[in-house]
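# Coordinates in review
For reference, the chains in residue letters:
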Amino acid sequence: MSEIKAPKGTRDIFAPEVHKWQYLEAAIHAYYRKFLYQEIRTPIFEHSELFSRGIGSETEVVQKEMYTFRDKADRSLTLRPENTASVVRAAIENNLFEIMAPLRFYYIGPMFRYDKPQKGRYRQFQQFGIEVFADDSPQVDAEVIFAAVDFLKKVGIVQLQLDLNSVGCPQCRPAYLQLLRQAAHAEEKRLCPDCQRKIAGNPLRIFDCKQPGCADASRAFPLIGDHLCGECRDHFAAVREALSWMNVPFHLEPRLVRGLDYYTKTAFEVTSGQLGAQNALLGGGRYNSLIRELGGPDMAGIGFAAGMERIILHLERLAAPQPRILFVAYQDPQWLAHAVQLAQALREEGYPVAVDYQGRNLKKQFKKADRLAAAFTLVLAEDEVRSGTVSVKDMASQEQSKIPLKDLNAWLKKNY
RNA sequence: GUGAGUGUAGCUCAAUGGUAGAGUAUCAGACUGUGGAUCUGACCGCUGCGGGUUCAAGUCCCGUCACUCACCCCA
């Protein structure tokens, strides 16, 4: 038993689970290519300031959950808790906005949050996501949402719910927040201490609270949907219409708030009923001020991020791909050289091939072949070597035949 | 950050406070040209860690760490 264990909230992934990861990653690459997204890989740590400015210094993520450290030159660095800020930073830094608009990126990679681990929640976790810059049309919102929901369906997740809201923009949100604060102040005594603090900070979060007093009080609070400016209202209506073109059912959730401050207008979240407490599979929205706030041009942006661990949990029933392999066995160690060479030749043809170098007798080797779920076991002994053949046993049907080595390839092509 | 539950062999789990066990996996043999079954044997443990109570602790108590679940937050 090892003394040193993986740090809290981290884990090792290996077979058979790793097959699901490979499947999911391949699916992401293939799917988002269809929408002309380009992969972008950014560093897993950034200057801490990127996240406090980008995500919002008042957010829970920035205040409590960041892995921040100082390097040897006393720079404050942070393991990325999400990737949108990094992608924006990279686009600004590399002048990617100059290339071609709209810009479309997708990413896959580890994120880090100092959270208490739980089902579907780790300190190092894997997200994939997409970002579209320089396109403020509501149809893009709808396309991004479609590309989120449709992908989840394509990988076999059935029970999901799409919650949709508009959280307004710098034109209309400040006035609404004033109204909300007033309403909250009036009911302050019914609110829990946590929510009383939220009044000054981010009163939208009061809607999230499940304390009976807070939930009761907040039911009467004004909703952002009734206080959107003309532009936001029109945009939101157009998003909903475009979603109907695309046959994407959604649930309007006027209290939906996202945890990162940069969202404007469209905000959405996909949840699953099968996940327990950590039921958010994916969340995203529009962030039309973020690029400017991080020092770039005044440019629109929208995207989402999805939690891959949570998707993997839904893939539990996915049949693990049975690797069909070939097993080369030898009757006596004196034929080992022939076995090795046969294995090489077969791998050259693309087959996964196993040889057990310490196989003492054929029985043991067959047992091993069985364990490895070999499709065929190829046996070499004096007979075969002398006649330039190999005995090939179909492990399922138990049929065995002697195949001349020169015909083996053709035979395998037919029977493998 | 708050609360609850659980930590015993690689894995799944036993053990009224009284010698740490079984199944499974692994290895070997029965069986030196053929797998899945069966039988026999071997290997496998600072009972998470540190204290305490006791003649005696896997078991009771305290602490700690880890995992799990919920709150919270979020993906």
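Residues numbered from 1 in each chain as written. Chains lettered and ligands numbered in written order. Predicted model: local features only at pLDDT ≥ 70, side-chain atom pairs only at ≥ 80, totals over all residues. Heavy atoms only, no water.

In this section: the pattern of salt bridges. Pairing is possible between side chains of opposite charge, provided their charged atoms come close. Using the criterion set out here, one finds 22 salt bridges in the structure. Here E17 ties to R11 by a salt bridge, and the two come within 2.6 Å at their closest N and O atoms. Residue E17 is classed as partly exposed on the basis of its relative accessible area of 22%. Across the pair K406 and D407 runs a salt bridge, and its minimum N-O distance is 3.8 Å. According to the relative accessible area criterion, D407 is partly exposed, its value standing at 34%. When salt bridges with common partners are traced through the structure, they connect D136, D141, E231, K265 and R286 into a single cluster. (Salt bridge = Lys/Arg side-chain N within 4 Å of Asp/Glu carboxyl O. Buried < 20%, exposed > 50% of the residue type's maximum accessible area, 1.4 Å probe, protein only.)

Turning our eyes to something else, we now look at the packing of aromatic side chains. For the coordinates displayed, the defined rule picks out 21 aromatic pairs. Plain terms: the ring middles of F35 and F146 are 6.5 Å apart, the flat faces sit at 55° to each other, and that makes the pair tilted. Here F35 is found in the loop between α1 (17-33) and β1 (38-39), whereas its partner F146 is found in helix α5 (residues 138-154), with 111 residues between them in sequence. Among the residues examined, F35 registers a relative accessible area of 16% and is labelled buried. (Phe/Tyr/Trp six-rings, centres within 6.5 Å; stacked < 30°, edge-to-face > 60°. Helix = DSSP H or I, 4+ residues; strand = E, 2+ residues; numbered from the N terminus.)

The terminal C-alpha atoms of helix α12 (residues 336-348), which comprises 13 residues, lie 18 Å apart, in line with the 18 Å expected from a rise of 1.5 Å per residue. Of all the positions in α12, only A339, L342, A343 and L346 are classed as buried. An end-on view of α12 places all buried positions within 100° of arc, on one side of the element. Buried residues belonging to α12 abut β12 (325-330), β13 (353-355), β14 (374-380), β15 (389-394) and α15 (405-415). Among the residues trailing α12, G350 stands out with phi positive, at a value near 105°. (Expected span 1.5 Å × (residues − 1). Arc of directions from axis to C-beta. Contact = heavy atoms within 4.5 Å.)

All right, on to the sheet that holds strand β2 (residues 45-47) then. Spatially, the 3 strands line up as an open sheet ordered β2-β4-β3, and their pairing is antiparallel. Edge positions in the open sheet fall to β2 and β3 (67-70), since each of these has one partner strand only. The mean inter-strand angle of the sheet, taken between neighbouring strand axes irrespective of direction, is 35°. The sheet contact formed by β3 and strand β4 (residues 76-79) spans 4 bridges and is antiparallel. (Pairing = 2+ DSSP bridges. Axes fitted to C-alpha atoms, helices over the stretch in contact; angles between N-to-C directions.)

As for its position among the elements, A183 is in helix α6 (residues 173-186). With 109 residues separating them in the primary sequence, A183 and D74 have C-alpha atoms 45 Å apart. With near-sequence residues (within four places) excluded, A183 lies in contact with F221 and P222.

Once that is clear, we can look at the domain arrangement of chain A. Parsing chain A into structural domains produces domain 1 (17-172 + 228-315) and domain 2 (325-415). Taking only C-alpha atoms into account, the centre of domain 1 sits 50 Å from that of domain 2. (Domains from an automatic or database assignment.)

Every other side chain in a regular strand lies on the same face of the sheet, so the side chains alternate between the two faces. Among the 7 residues in β14, 7 count as buried, and that is most of the element. Looking at chain direction, β12 and β14 are connected through 6 bridges and run parallel. Note on β14: the bridge partner recorded for Y330 is L380. Where β14 meets β15, 4 bridges bridge the pair, whose relative direction is antiparallel. Bridge pairing in β15 places T377 opposite K393.

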